[in-house]
Amino acid sequence: MKKVNIVLALVLGGLVSLSAQAIEQRAWHKEVIGKDCKVCHDNGIKQFPSDQACLQCHDVDDLAEQTARSEEDKWQNPHNNLHYGKDLPCQECHGEHESKKPLCSNCHTFKFDKHKE
């Protein structure tokens, strides 16, 4: 009986680890990256990607230009703002596998209609 319990525990453990790998991926990244998690997870699978991993494909100057506001509201640009300039870590606002609330919304109430979580 003890051997059966050990075998069942190992089988269940294996199934749980397999299901943990079946994580949602954003469509726009799936098309480019595929299923190679290490492309982004350069610090290890269980760690957040580094900013350098994001910046392999995304140029911060292009992002700042795309999210620029009018001259009057230019400080509201999430990729070039008054607090952090262009140095805010990507993971503070963006999440690949689950939605994330942008860091700026902790204090500010303006909307980012095109925010890709």
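No experiment lies behind these values; they were computed from the predicted model shown.

J.: Help me out: how do you make sense of the overall build of the protein chain in this one?
T.: Looking only at helices and strands, the protein chain has four helices and zero strands in total. Helices and strands in the protein chain line up, N terminus first, as α-α-α-α. Within the protein chain, contacts between residues separated by at least 24 positions form 33% of all contacts whose residues are at least 6 apart in sequence. If you sum the accessible surface of the protein chain, you get close to 9500 Å²; carbon and sulfur atoms cover 58% of it.

J.: I keep staring at the packing of aromatic side chains and nothing clicks. Help me out?
T.: By convention here, two paired aromatic rings are described through the distance between centres and the angle between planes. On inspection of all chains with the given rule, the structure shows zero aromatic pairs. Residue placement shows Lys100 over the ring face of Phe48; its charged tip is 5.3 Å from the ring centre.

J.: Help me understand the pattern of salt bridges in this model?
T.: A pair can form between side chains of opposite charge whenever their charged atoms are brought close. By the definition in use, this model includes one salt bridge. We note a salt bridge from Asp61 to Lys86, for which the minimum N-O separation is 2.5 Å. Of this pair, Asp61 sits in helix H4 (residues 60–66) while Lys86 sits in the segment after H4, and the two are 25 residues apart along the sequence. For Lys86, a relative accessible area of 35% gives the class partly exposed.

J.: Would you take a moment to explain the confidence of the model for the protein chain for this structure?
T.: Close inspection of predicted coordinates is inappropriate in any region flagged by low pLDDT. For the protein chain, the average pLDDT comes to 78, and 76% of its residues sit at 70 or higher. For the protein chain, helix H1 (residues 2–21) is the element with the lowest average pLDDT, namely 55, and H4 is the one with the highest, namely 93.

J.: What am I meant to see in the environment of Leu88 here?
T.: Position of Leu88 among the secondary structure elements: in the segment after H4. Taking C-alpha positions, Leu88 is 8.5 Å from Pro78, a pair spaced ten residues apart along the chain. Other than its neighbours up to four places away in sequence, Leu88 contacts Asp51, Pro78, Cys93 and Leu103.

J.: What is the right way to read the side chain of His41 from this model?
T.: Tracing the chain through its elements places His41 in the loop between helix H2 (27–33) and helix H3 (51–55). Apart from the residues lying within four places of it in its own chain, the contact partners of His41 are Gln47, Pro49 and His97.

J.: What exactly am I supposed to notice about the state of the cysteines here?
T.: In protein chemistry, a disulfide is the covalent bond that joins the sulfur atoms of two cysteines. Summed over all chains, the structure comprises zero disulfides. There is no disulfide at Cys40, and the cysteine sulfur nearest it, in Cys54, is 6.7 Å away.

J.: Explain the side chain of His29 to me, please; I cannot follow it from the model alone.
T.: By the element assignment, His29 lies in helix H2. Polar side-chain contacts of His29 include one of 2.4 Å to the side chain of Glu96. Setting aside its immediate chain neighbours within four residues, His29 contacts Gly34, His58 and Glu96.

Cut-offs used in this document
Residues numbered from 1 in each chain as written. Predicted model: local features only at pLDDT ≥ 70, side-chain atom pairs only at ≥ 80, totals over all residues. Heavy atoms only, no water. Helix = DSSP H or I, 4+ residues; strand = E, 2+ residues; numbered from the N terminus. Contact = heavy atoms within 4.5 Å. Areas by Shrake-Rupley, 256 points an atom, 1.4 Å probe, with all protein chains shown as cover. Phe/Tyr/Trp six-rings, centres within 6.5 Å; stacked < 30°, edge-to-face > 60°. Lys NZ or Arg CZ within 6 Å of the ring centre and 35° of its normal. Salt bridge = Lys/Arg side-chain N within 4 Å of Asp/Glu carboxyl O. Buried < 20%, exposed > 50% of the residue type's maximum accessible area, 1.4 Å probe, protein only. pLDDT = per-residue confidence, 0-100. Disulfide = S-S within 2.5 Å. Polar contact = N/O pair within 3.5 Å; in protein donor to acceptor, adjacent residues only side chain to side chain.

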